[in-house]
Amino acid sequence: MHLSGMEAKREFRGSDTHGVLQRFGADIHASSEGYGWSSIYASIQRENPFEGRFEAIADDLIVLHRSGPVQTTFESSGHVTSRCIPRGSAFFLPAGHACKVGLHGALDTLHIYLRATLVGRERVDEVTPMLVERDVVLQHLAHAVEQALCENVLNSDLFIDPIARALANRVSAISRSSEPRQVQTAGLPEYQLRRLQDFIEANLDREITLAAMACACGVGTKSFVRAFAATTGKSPYQYVIAARVERAKRLIEQNQQGLAEIALCCGFSHQEHLTRVFRKLTGQTPGRYRRGVN
C-alpha cells in the first residue's frame, strides 16, 4: 500500500512523454519539469514546421493551439484529415493511440499530458483521437494550467491535481457528446483536395462555379463549402482568385504574352480586372511586377 502511494505521487516528467518537441527542435518557453506534478506534465513552446509520428503511450495528450490558424495534417487508424486549424482549438490523442502529424507552419502551443488513470477506461478504443474547437470549458482549464506553469507557485501540485481531473473528465464528456457542433468540422481528404486543385488548374481560363468544384470532389455543395473552409481557411472564391493571380505571375515571368492576353488566360474578364485583383493580392500592378522580374 505504501509503495502504491509512492508510485501515484511519482513526478510526471518529460521522459514519460512522446518526446516530439525535442525531436523536432521546438523552442520550449516553460515546462513543469521539476515542479513535482504527478498527474500532469505541461509545456509551452513555439513549434516549427515538421512531419512526424506520435507513438502510442500510456497517457493522454492535449495540444492547445495558442496561435493560428495553421495548416495541419493528422493521420490515425488509416484516417487522414488535412485542414487549417484555428487559434484556441485543441487536438486530443488518447492513451494507446498512435498518430502521424504534419505541421505546415510555425505554431505556439500548450502541451498537456494527463495520466490516463484520471478517468477509468475499459478499452483503448473507448475514446479516439479528435480535434476540438470553441470549447470554452476546455480552454479555461488549459489556461489555468498555463498560468500555473508560468507562475511556478510553491506547492502548485495541490491545485493542479483537481484541474487535471477536470480536464480529463471534460475531454471524455466531449468525446461522448451527442452535440457534434463541439467537434470541429472534418476537412477534405488529401485525395479530394488534389483532385480539386487539378480541376481548378485545368479550368482557370473559364468560369469555375461552386457546384462544379463540389462535383469535382464528389460531394454536395453545402458539405463542400464547410469542408473546404476547414481544410484551407479560405472560401472557394478566395482560393480560385489566388490561383488565377499565381498563374498570371507565371505567365508574366515567361514574358511571352501581353497583359490583356494573360488576363483572359487566367479567367479575368479583361486587363483592368486583372490589374485590380493583382494589385489587391500582391500590392503592385502586373506591369510593375513584369518590370521587376525582367
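Placed above this text is the structure.
I will try to describe carefully the structure that is included in this document.

Analysis parameters
Residues numbered from 1 in each chain as written. Predicted model: local features only at pLDDT ≥ 70, side-chain atom pairs only at ≥ 80, totals over all residues. Heavy atoms only, no water. Buried < 20%, exposed > 50% of the residue type's maximum accessible area, 1.4 Å probe, protein only. Helix = DSSP H or I, 4+ residues; strand = E, 2+ residues; numbered from the N terminus. Arc of directions from axis to C-beta. Contact = heavy atoms within 4.5 Å. Core = buried A, V, L, I, M, F, W, Y, C linked by side-chain atoms within 4.5 Å. Pairing = 2+ DSSP bridges. Axes fitted to C-alpha atoms, helices over the stretch in contact; angles between N-to-C directions. Parallel < 35°, antiparallel > 145°, perpendicular 65-115°, else oblique. Nonpolar A, V, L, I, M, F, W, Y, C, P; charged D, E, K, R; others polar. 1 Å grid on protein atoms, 1.4 Å probe; cavity = no way out; pocket = protein on both sides within 12 Å on 5 of 7 lines; lining within 4 Å. Points joined across faces, edges and corners; volume = space filled by probe spheres on them.

Describing helix α6 (residues 210-217)
Part 1 of the argument: Of the residues making up α6, those classed as buried are M213, A214, A216 and C217. Along α6, the residues classed as buried sweep out an arc of 155 degrees about the axis, all on the same side.
Part 2 of the argument: Against α5 (190-202), α7 (221-232) and α8 (236-254) lie the buried residues of α6.
Part 3 of the argument: Downstream of α6 by one or two residues, G218 has phi in the positive range, about 75 degrees.

Observations regarding the nonpolar core
Part 1 of the argument: The biggest cluster of nonpolar side chains holds 30 residues, and the ones touching the most others in it are W37, I40, I62, I112 and L167.
Part 2 of the argument: Elements that contribute at least two residues to this core include exactly β2 (40-47), β4 (60-65), β7 (90-93), β9 (107-114), β10 (130-132), α3 (136-151) and α4 (157-176).
Part 3 of the argument: No other element matches α4, which puts 7 residues into this core.
Part 4 of the argument: Apart from the residues lying within four places of it in its own chain, the contact partners of L167 are I40, I62, I112, L114, L138, L141, A142 and V145.
Part 5 of the argument: Of all hydrophobic cores here, the second largest spans 19 residues; its members include F12, Y41, F91 and Y113.

Quick look at unusual backbone geometry
Part 1 of the argument: Phi angles above zero are rare outside glycine, and N255 is one such case at about 55 degrees.
Part 2 of the argument: When you line up the elements, N255 lands in the loop between α8 and α9 (259-265).

Thoughts on the pairing of strand β8 (residues 99-103)
Where a strand is regular, its side chains alternate between the two sheet faces.
Part 1 of the argument: Here β8 lies mainly inside the structure; 4 of its 5 residues are buried.
Part 2 of the argument: Where strand β3 (residues 50-54) meets β8, 5 bridges bridge the pair, whose relative direction is antiparallel. Among the inter-strand pairings, E51 is bridged to a residue of β8, identified as G102.
Part 3 of the argument: Summarising the sheet, strand β5 (residues 70-76) and β8 pair through 4 bridges and their orientation is antiparallel.

A word on the packing of α6 against α7
Part 1 of the argument: Packing of α6 against α7 leaves a shortest axis separation of 9 Å and a crossing angle of 80 degrees. As far as their axial angle goes, α7 and α6 are roughly perpendicular. Side by side, α6 and α7 meet where L210, A211, M213, A214 and C217 of the first sit next to T221, F224 and V225 of the second.
Part 2 of the argument: For the contact of α6 with α7, the residue count by class is 7 nonpolar, 1 polar and no charged.

Looking at the layout of surface pockets
Part 1 of the argument: Here the second largest pocket defines a volume of roughly 220 Å³.
Part 2 of the argument: Lining the second largest pocket are 15 residues, and of these I208, Y237, V240, I241 and R244 sit closest to its centre.
Part 3 of the argument: Of all elements in the fold, only α6, α8 and α10 (271-282) reach the threshold of two or more residues within the lining of the second largest pocket.
Part 4 of the argument: Here the lining of the second largest pocket is composed, by residue class, of 9 nonpolar, 3 polar and 3 charged.

What to know about helix α11 (residues 286-293)
Part 1 of the argument: The set of residues buried in α11 consists of P286, G287, Y289 and R290. The buried residues of α11 occupy an angular sector of 160 degrees when the element is viewed end-on, so they sit on one face. Counted as exposed and oriented over 90 degrees from the buried face of α11: R288, R291 and G292.
Part 2 of the argument: For α11, the elements touching its buried residues are α8, α9 and α10.

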